[in-house]
Amino acid sequence: MRTKKLAPWQIMVLTVSGILGVDILIVQHNMVSAAGVDGWISLTIGGMVIFAASIPVIYLMRLYPDKDVPQITIEVLGKWMGRLALIPLTVFSIVYAGLSARIIGQVLKMFLLDKTPMTVIVVSMVAAVIYLVDKGVYTLAAVVDIIFPMYMTALILLVVFSVPQANLANIRPVLFRNAGKTAGAIIPGIYNFTGYGTIPYFMCHLKSKKLAVKPYIIGLGIPVLLYIILTVITTMVFGETTLRAILYPILNLSKAIEFKSGILDRLESFMALFWIPMVFASIVIFTYISVRKISEIFSIKGKGKKYTSYTLLFLLPAVAMIIPKDLNVLETYNNLKHVGIFYISIFYPILALVAGVKKRVVKQK
Amino acid sequence: MLKPIKRLFTRNKGNKGSKSSGINKYNPQTQLDSRSPQTLDDSQNQQSEVIYGQKYINIKLTKNLKENLATIKGAMNNNYDIKTKEFKLGGRGVFGAVVYIPSLADEDFVLNHIVNPLMIQSSLILDREDAISFDTIKDTMIDAEYINEAESLDQILFSVMSGDTFLSVQGYPKGLIISTKGYVGRQVSEPQLEPSVKGSQEGFTEILQDNIGLLRRRIRDPNLVFEVYKVGQRTQMEVVIAYLRDVADQGVAIETAGRLSSLDVDGIQGTAELGLYITDNPNSIFPLYQVTERPDRVARGLMEGRVAIFMEGGAEALVVPATMPILLQSADDYYENWIVSSLLRLLRYGGMLISIFLPSLYIALAGHHPGMLPTKLVLTITGARTGVPFPGFLEAVIMGATLELLQEASIRLPRVIGQAVSIVGGLVIGQAAVQAGLVGPIMVIIIGVTAIGSFVVTDYSLGLATRVLRIPFMILALTLGGFGLALGALVLITYMADLESFGIRYIKPLSPYRIRDLKQTILKARDASHMNRPAFLNTADVQRQTKQRRGK
């Protein structure tokens, strides 16, 4: 009956959700490990780089407002080259979604369900993800839209309640004999924003004909700001040395909060419940874009798309459980992001360049 | 020779034109182009499209009165409730007869306003030695709401069975259908399921005309249109769609008309049952339409740009589209200050969440994550559960099942006994179960609060849905603890986000966010600043009021 289209606000929510994911749980540890107390500065510069990296993405969306990335890729690079270029992206998004499920599984085992087998957690999480992906892009956006305020409120409250525990001395002196390391950590800072490239998969479903560039930019800005604030606050609360040793500083941050007239004794366990929807949203987005790419690579249409998502019901848990040791998962995840962001950061500019040249040639003709 | 009615009914096998069934055929394009409002009176005047058994169309009356009466009575299986009265007209041995059903028609009217005038006035004509013509009878002798000529049997049968009277005159192969409907029905009374503290105390009745009148009294706008459809091959019930032509989304009106027209069922007996036939998703446990017995709520719905559906014999109206936030509104919200009403609406959301999640939350916390609770509370819970032989889940299941039994029993029993059941169940069984050590007192409190939570959900069907959802969440809490609850909630949101009510997403305006709509549906906007109708309803006329009043 009615056309199922997205509102500009949903573009912003999808951008934020695509970027956050499990990264918000580990970004502080990663940044402080790379740049010490000045990790937040590297992160700020990394965030700025992401804004620059979004330019070719926006350009592509302007050129092809009614197409998503796989369709644009095939149109610009041709059938075979396009499909070939999409394969690494597809592998990346599948592995990213799978490992995200594994990491949240680890977090839940650590803070909430110590006796439940990891496979059960991962499989049930993936089943819920596939159920949503199967419902289509509009329902996906609506669900992400609804859960967005939940975890955003949780994050804001966490920051507010952590302030009394913060010690300014832990973050000072700024850039003291640390400029080199800080500069070196800019690239790891960028790694935390791999989700910036997910939005061209959704922009073509926008209700209005006008491209929602502003919501996209705001959507990029929110995670940058959140990452910086959380890195600053965790550094101030724990200090550099402790933060290097903590794998999931956000969860430990909730542990550090004390309610004197407490209703809840273990806030970190309670807060872990709020990270589930956040990670869920991110996995859903990456699973959806995986399905889209697989569908285009193999020219799957109609009901076949449903079966593609059902295939991921087995593939994602398999990817998640492929690494036997828990400790190696984070390392693999970080390495994957390195490779992923490298590929994405050259993929979009090249695609935009070829698309621009092609358009110019067509115009001249 | 007439065939038995049973064999004469033809089933509608797909869209094969008007030939196949007795219901109006729907064509969105033609509906759009030729949407002249068909009033109730119009529909009664145009009953020719009603096919009461396809083959009756071709059966025409003859000039022989006796033969005509035999045909009509034969078609109605000579039922004892069919009454015929023959009388003499004029002075040339011309006879007339009326056919009606006393239980449906106003018999006094038939005798005093049809039969008597015909007999008396025809005597006057006899004095003048004029011949009585059919047109004279029609134009000068009878005074009724409507008088229509009829020739075919299907028209006559339907009219008589709807409470009208058929007048046949010797020598004419046609007759008159005279409006004499006089159903005996319930008086307008207080709504049973939706009482209001400050609002109107009027509720719909089972008589369609009365319900239409209740609505007309509230909206005196010529753009309020009523379109009539016939539903049920055998029951031929009148179903009326009401909407404000210049406000409602025409798409919803067309869709509603389409769904009603495409119904192919032998009979539907109530408005709520009709809702199940035209719902977007028959498998949804959530109600995808609003069932209300309050005229003020229907009027408000129409003013918002929604469409109402009435059915003959139904004491409720359906209002579509209905989204979850709309279903959580109450009639009294509009009679209270916006701050109070907003808080009450939020309270209802809280009640719904409590109704779904509280028992499962208890199971998850007590069973999987006792460490999340303060030590003192854990000790209290543990102390209260000492001696209880069942695990928390089983305890919750036992008490939950008892609660459901009590609720069902109190509904089915007469009101006085129902209250007694509630007291026996709530106080006696609960207290006895705790004293016997079968359940802990905390669980009784949990189930009690859960029940109260479900009672604040204004829509009965939505309340039932929350009761159904309790069970899977309890199982999830038992197996996966808090993670199971979070995951279950995500699946529930997905399920709800995918539902649609007449093309409108069930969760609107929760997504996409629109502050204006959220202010009007989740909360209640200050009446003076409630400038526009909810945007998610895609109304034709957006503006509700032009000037914002800011008080003194």
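As the structure is a prediction and not an experimental result, all values here were calculated from the model. (Residues numbered from 1 in each chain as written. Chains lettered and ligands numbered in written order. Predicted model: local features only at pLDDT ≥ 70, side-chain atom pairs only at ≥ 80, totals over all residues. Heavy atoms only, no water.)

(A) Main features of the overall build of chain A. The number of helices and strands found in chain A is 14 helices and zero strands. Helices (α) and strands (β) of chain A occur, in sequence order from the N terminus, as α-α-α-α-α-α-α-α-α-α-α-α-α-α. Since a compact globule built from 365 residues should have a radius of gyration of about 21 Å, the 20 Å found for chain A is in line with a globular shape. Considering only C-alpha atoms, chain A reaches an extent of 70 × 45 × 40 Å along its principal axes. In chain A, once contacts between residues fewer than 6 apart in sequence are set aside, the share between residues at least 24 apart is 86%. In the form shown here, chain A has an accessible surface area of approximately 15,100 Å², with 68% of it arising from carbon and sulfur atoms. When the 35 positive and 15 negative side-chain charges of chain A are each reduced to one mean point, those points stand 12 Å apart. (Helix = DSSP H or I, 4+ residues; strand = E, 2+ residues; numbered from the N terminus. Rg over C-alpha atoms; globule rule 2.2 N^0.38 Å. Contact = heavy atoms within 4.5 Å. Areas by Shrake-Rupley, 256 points an atom, 1.4 Å probe, with all protein chains shown as cover. Lys, Arg positive; Asp, Glu negative; His and termini not counted. Charge placed at Lys NZ, Arg CZ, Asp CG, Glu CD.)

(B) The arrangement of empty space enclosed by the protein in detail. Residues and elements named next belong to chain B. Taken as a whole, this structure holds four cavities of 30 Å³ or more when the rule is applied. Lining the largest cavity are Gln-290, Arg-297, Arg-300, Gly-301, Glu-304, Arg-306, Ile-326, Gln-329, Ser-330 and Tyr-334. In terms of residue count, helix α11 (residues 295–303) provides more of the lining of the largest cavity than any other element does, three residues in total. Per-class residue counts for the lining of the largest cavity are two nonpolar, four polar and four charged. (1 Å grid on protein atoms, 1.4 Å probe; cavity = no way out; pocket = protein on both sides within 12 Å on 5 of 7 lines; lining within 4 Å. Points joined across faces, edges and corners; volume = space filled by probe spheres on them. Nonpolar A, V, L, I, M, F, W, Y, C, P; charged D, E, K, R; others polar.)

(C) Fine view of the interface of chain A and chain B. Counting residues at the interface gives 40 residues for chain A and 36 residues for chain B. Between chain A and chain B, roughly 3,100 Å² of surface is buried when both sides are summed, and carbon and sulfur atoms account for 69% of that area. Here chain A and chain B share one salt bridge between them. Lys-135 of chain A is paired through a salt bridge with Asp-498 of chain B; the nearest N and O atoms lie 3.5 Å apart. Counting residues per element, the ones that place at least two in the side of chain A that touches chain B are α1 (8–19), α6 (118–134), α7 (137–162) and α12 (267–297) of chain A. (Buried area = accessible area lost by both parts, 1.4 Å probe. Salt bridge = Lys/Arg side-chain N within 4 Å of Asp/Glu carboxyl O.)

(D) Quick look at the layout of surface pockets. Empty space within the second largest pocket amounts to approximately 1,600 Å³. As for the second largest pocket, its lining consists of 46 residues, of which Met-150 and Phe-274 of chain A together with Leu-353, Phe-357 and Ala-489 of chain B are closest to the centre. Per-element accounting of the lining of the second largest pocket gives the leading share, twelve residues, to helix α13 (residues 338–367) of chain B. Residues belonging to the lining of the second largest pocket are distributed by class as follows: 43 nonpolar, two polar and one charged.

(E) A look at the packing of aromatic side chains. On inspection of all chains with the given rule, the structure shows 18 aromatic pairs over all chains. Centre to centre, the rings of Tyr-96 of chain A and Tyr-333 of chain A are 5.4 Å apart; their planes meet at 35°, and the pair counts as tilted. Of this pair, Tyr-96 of chain A sits in helix α5 (residues 79–111) while Tyr-333 of chain A sits in helix α14 (residues 326–364); the two residues are 237 residues apart in sequence, bridging distant segments of the chain. For the pair Tyr-96 of chain A and Tyr-333 of chain A, one class covers both residues: buried. Seen from their ring centres, Phe-193 of chain A and Tyr-227 of chain A are 5.2 Å apart, and the 40° between their planes marks the pair as tilted. Note that Phe-193 of chain A is positioned in the loop between α9 (186–191) and α10 (213–245) and Tyr-227 of chain A in helix α10, a separation of 34 residues in sequence. Tyr-227 of chain A carries the same exposure label as Phe-193 of chain A, and that label is buried. The ring of Trp-80 of chain A carries the charged tip of Arg-83 of chain A above its face, separated from the ring centre by 5.3 Å. Here the basic side chain of Arg-345 of chain B rests over the ring of Tyr-334 of chain B, its NZ or CZ set 5.5 Å away from the ring centre. (Phe/Tyr/Trp six-rings, centres within 6.5 Å; stacked < 30°, edge-to-face > 60°. Buried < 20%, exposed > 50% of the residue type's maximum accessible area, 1.4 Å probe, protein only. Lys NZ or Arg CZ within 6 Å of the ring centre and 35° of its normal.)

(F) Molecular detail of the domain arrangement of chain B. Residues and elements named next belong to chain B. Taken as a whole, chain B is organised into domain 1 (46–178), domain 2 (208–322) and domain 3 (336–505). Look at where the C-alpha atoms of domain 2 and domain 3 centre, and you get two points 33 Å apart. Counting from both sides, the interface comprises 17 residues of domain 2 and, opposite them, 15 residues of domain 3. Carbon and sulfur atoms supply 72% of the area that domain 2 and domain 3 bury against each other, a total of about 1,400 Å² over both sides. One can count zero salt bridges joining domain 2 with domain 3. Applying the counting rule to domain 2 against domain 3 returns four residue pairs in polar contact (both at pLDDT 80 or more). Here the side of domain 2 that touches domain 3 is composed, by residue class, of ten nonpolar, four polar and three charged. (Domains from an automatic or database assignment. Polar contact = N/O pair within 3.5 Å; in protein donor to acceptor, adjacent residues only side chain to side chain.)

(G) How the structure looks around the sheet that holds strand β9 (residues 307–311) of chain B. Residue and element names in this part refer to chain B. Across the sheet, which stays open at both edges, the five strands sit in the order β6-β7-β9-β10-β8 with antiparallel pairing between neighbours. Each having just a single partner strand, β6 (224–231) and β8 (290–292) make up the two edges of the open sheet. Direction aside, the axes of adjacent strands within the sheet are offset by 25° on average. Pairing of β9 with strand β10 (residues 317–320) involves four bridges; the strand directions are antiparallel. Opposite Val-307, over in β10, you have Val-320 as the bridge partner. Those strands touched by helix α8 (residues 208–218) are β6, β7 (237–244) and β9, and its axis lies near 150° from that of β9. Packed onto the sheet, helix α9 (residues 250–261) meets β6, β7, β9 and β10 and runs at close to 175° relative to β7. (Pairing = 2+ DSSP bridges. Axes fitted to C-alpha atoms, helices over the stretch in contact; angles between N-to-C directions.)

(H) Representation of the pairing of strand β2 (residues 94–100) of chain B in the model. Residue and element names in this part refer to chain B. Most of β2 is tucked away: five of the seven residues are buried. Examined bridge by bridge, strand β1 (residues 83–89) and β2 share seven bridges and lie antiparallel to one another. Each bridged residue has a counterpart across the sheet, and for Leu-89 the counterpart in β2 is Val-94. Of the strand pairs in this sheet, β2 and strand β4 (residues 165–169) are connected by four bridges, and their pairing is antiparallel. Considered in β4, the bridge of Gly-96 is made with Val-169.

(I) A look at the pairing of β7 of chain B. Residues and elements named next belong to chain B. For β7, the buried fraction is high: eight of the eight residues fall into the buried class. What you see with β7 is no split at all: Met-237, Val-239, Ile-241 and Tyr-243 on one side and Glu-238, Val-240, Ala-242 and Leu-244 on the other are buried throughout. As paired strands, β6 and β7 are joined by eight bridges and run antiparallel to one another. For Leu-224, the partnering residue across the bridge sits in β7 and is Leu-244. Sheet topology note: the β7/β9 ladder contains four bridges and is antiparallel. Considered in β9, the bridge of Val-239 is made with Met-311.

(J) Representation of the environment of Asn-211 of chain B. Residues and elements named next belong to chain B. Inspection of the secondary structure assignment puts Asn-211 in helix α8. Judged by relative accessible area, which is 0%, Asn-211 ranks as buried. C-alpha of Asn-211 to C-alpha of Ile-356: the two residues are 145 residues apart in sequence and 35 Å apart in space.

(K) The arrangement of the packing of helix α2 (residues 23–35) of chain A against α10 of chain A in detail. Residues and elements named next belong to chain A. Between α2 and α10, the shortest axis-to-axis distance is 9 Å and the interhelical angle comes to 55°. It follows from the interaxial angle that α2 and α10 lie oblique. Of the two elements, α2 crosses α10, and the hand of that crossing is right-handed. Two secondary-structure elements touch here, α2 through Asp-23, Ile-24, Val-27, Gln-28, His-29, Met-31, Val-32 and Ser-33 and α10 through Tyr-227, Leu-230, Thr-231, Thr-234, Thr-235, Glu-240, Leu-243 and Arg-244. (Parallel < 35°, antiparallel > 145°, perpendicular 65-115°, else oblique. Left-handed = near helix turned anticlockwise from the far one by under 90°.)

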